Amino acid sequence: MKCFVGLDVSSTKLDVCIMLSDTTTPFTASLSNDLTGASEIKKHILELNETYSFERIVIGMEATSLYSFHPAMFFHEDSQLKALNVEVMVEQPNKIKKYRETFEESKNDTIDAFYIADYFRAERFSPAFLKEEKYLALQHLTRTRLQLIEQLTRTKQHFIENIYYKCNTLSTEIKNESLTTSLWSSTIISLMTEDYTLDELATVPLNDLADFIQKLGRGRFKAPDKLAKAIQAAIRGSYRLPKLQQDSVNVILGLLAREIRNLEQMIKDIDKAIEDMVEVIPEYQCLTSIPGVGKVYAAGIIAEIGQIERFKDHPQVAKYAGLNWKQNQSGNANSQNTDLVKRGNRYLRYYLVEAANSVRRHDSEYQAFYKKKYQEVPKHQHKRAIVLTARKFVRLVDALLRNRQLYTPPRRLMEDK
């Protein structure tokens, strides 16, 4: 006899259905999502096991972000359940949803728990064990880092919008001078948010403005005179705002500039925390041995994958990350125009793509592969090429982690050098 425990998890409730392999349900209940509720479920599992001596016990639930974290870890780490070799499974919600919809029944939490248990009873899932604590701890940091990066991107976009209100030709003039300076560089932020009016900047002698810019940039600009010329040209060519609207834009720019600086400092701090924590995970050295992969990218990949043994092979890792494509086949014909499946782990996909983008700048094999894929299509060249490069990169990541080995360049590349 086998036992399948289905849990429908919400922020406050654990709806549970314990189903046996003969589809009988000796226990169903709606309990609180806390230590008391989880302990009650554990008690019933142990009592039923005394009666039936189960050959297999599976506790399954949908992945519901932070809500499923505590119950999954509770059942996974419990010593009494470990002694019974209890398997704790966290499945993608869309898979269970499709399974339940085939029965065309009403939806409520009790029914959901029943079909979650039945889904695992049908054993259509791929067995996988939960990640170890060190990976979960690292995951908190790497996921928060991505959230900060996304927040910084949104803030910079908002800053650029308000720069346009204040000096609408600034971006164009910087491009005309072929400058690589971004509109959210610390120097531009200072000029646009400090106590300088546009008219004051426009009347400063060009050499003095260039010297001032170089001082703000701490000597980093190769052509401060060009930047000074672009700024003054932009000021002369831009519209002037009415006084009240100009004051409001200045307030917004000042607030956004402060947020940009704070977020950039937070990202530096979390990068340092990631680098400190990753030292206790020896596998990261496998990935940092790849040219272009630093500790932060390596940490992001490892935190999401966890133990590589959770996956059968590299296609399963790619599918988990959403780096796989739908198959469109009819008869003997296979369509080559298929969409990327993005139902996977967006955090893993982000770190794989960012790492692959860095690797292709340092490794000639990946550079050639990227260039080839870039030239194959007339539209969205970079987006397509870098995703395909990331899929190729998954094979390398899987091999290095699975074999616990460092990266060595292909023999032919070594001989070329």
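Because the structure is a prediction, the values reported are computed rather than measured.

(A) Structural context of the packing of aromatic side chains. Within the structure shown, the criterion is met by 9 aromatic pairs. An angle of 15 degrees between the planes, with centres 5.6 Å apart, marks the rings of Tyr-52 and Phe-54 as stacked. On the basis of relative accessibility, which here comes to 10%, the residue Phe-54 falls in the buried class. Seen in terms of ring centroids, Tyr-99 and Tyr-119 are 5.6 Å apart; in terms of plane orientation they differ by 75 degrees. Their pairing is edge-to-face. Note that Tyr-99 is positioned in helix α4 (residues 93–101) and Tyr-119 in helix α5 (residues 109–121), a separation of 20 residues in sequence. Across the pair, Tyr-119 and Tyr-99 agree in class, each one buried. An aromatic cluster of at least three residues, connected via ring pairs, comprises Tyr-99, Tyr-119 and Phe-120. Its guanidinium or amino end placed over the ring of Phe-369, Lys-392 lies 5.4 Å from that ring's centre, counting from NZ or CZ.

(B) Region of interest: the UniProt feature "coiled-coil region" (unreviewed entry) in the protein chain. UniProt's feature table lists "coiled-coil region" (unreviewed entry) at residues 253–280, given in the numbering used throughout. Spanning residues 253–280, this segment combines 89% helix with 0% strand, and its end C-alpha atoms are found 42 Å apart.

(C) Summary view of the domain arrangement of the protein chain. Each assigned domain of the protein chain is listed with its residue range as follows: domain 1 (2–130), domain 2 (140–272) and domain 3 (282–329 + 337–403). Put simply, the middle of domain 2 and the middle of domain 3, counted by C-alpha atoms, are 34 Å apart. Residue-level contacts link 8 residues of domain 2 with 10 residues of domain 3. Carbon and sulfur atoms supply 54% of the area buried between domain 2 and domain 3, which totals about 850 Å² over both sides. It is Thr-142, Arg-143 and Leu-146 in domain 2 that bury the most area against domain 3; as a group they hold 64% of the surface buried on that side. Put simply, domain 2 and domain 3 have 2 salt bridges between them. Salt-bridge contacts for Glu-304 lead to Arg-143; the nearest nitrogen and oxygen are separated by 2.9 Å.

(D) Spotlight on helix α18 (residues 381–403). End to end, α18 covers 34 Å across 23 residues, agreeing with the expected 33 Å (1.5 Å per residue, within 8%). At the C-terminal side of α18, Arg-404 shows a positive phi close to 55 degrees.

(E) Structural detail: the packing of helix α10 (residues 206–216) against helix α11 (residues 224–237). Remark: α10 packs on α11, axes separated minimally by 8 Å, with the N-to-C direction vectors making an angle of 115 degrees. As judged from the angle between their axes, α10 and α11 are roughly perpendicular. Of the two possible hands of crossing, α10 and α11 adopt the one that is right-handed. Contact residues: α10 offers Leu-206, Leu-209, Ala-210, Ile-213 and Gln-214, while α11 offers Pro-224, Asp-225, Leu-227, Ala-228, Lys-229, Ile-231 and Gln-232. Within the contact of α10 with α11, the residues separate by chemical class into 8 nonpolar, 2 polar and 2 charged.

So, how was this worked out
- Residues numbered from 1 in each chain as written.
- Predicted model: local features only at pLDDT ≥ 70, side-chain atom pairs only at ≥ 80, totals over all residues.
- Heavy atoms only, no water.
- Phe/Tyr/Trp six-rings, centres within 6.5 Å; stacked < 30°, edge-to-face > 60°.
- Buried < 20%, exposed > 50% of the residue type's maximum accessible area, 1.4 Å probe, protein only.
- Helix = DSSP H or I, 4+ residues; strand = E, 2+ residues; numbered from the N terminus.
- Lys NZ or Arg CZ within 6 Å of the ring centre and 35° of its normal.
- UniProt positions renumbered as here; feature names shortened; annotations may be inferred.
- Domains from an automatic or database assignment.
- Contact = heavy atoms within 4.5 Å.
- Buried area = accessible area lost by both parts, 1.4 Å probe.
- Salt bridge = Lys/Arg side-chain N within 4 Å of Asp/Glu carboxyl O.
- Expected span 1.5 Å × (residues − 1).
- Axes fitted to C-alpha atoms, helices over the stretch in contact; angles between N-to-C directions.
- Parallel < 35°, antiparallel > 145°, perpendicular 65-115°, else oblique.
- Left-handed = near helix turned anticlockwise from the far one by under 90°.
- Nonpolar A, V, L, I, M, F, W, Y, C, P; charged D, E, K, R; others polar.

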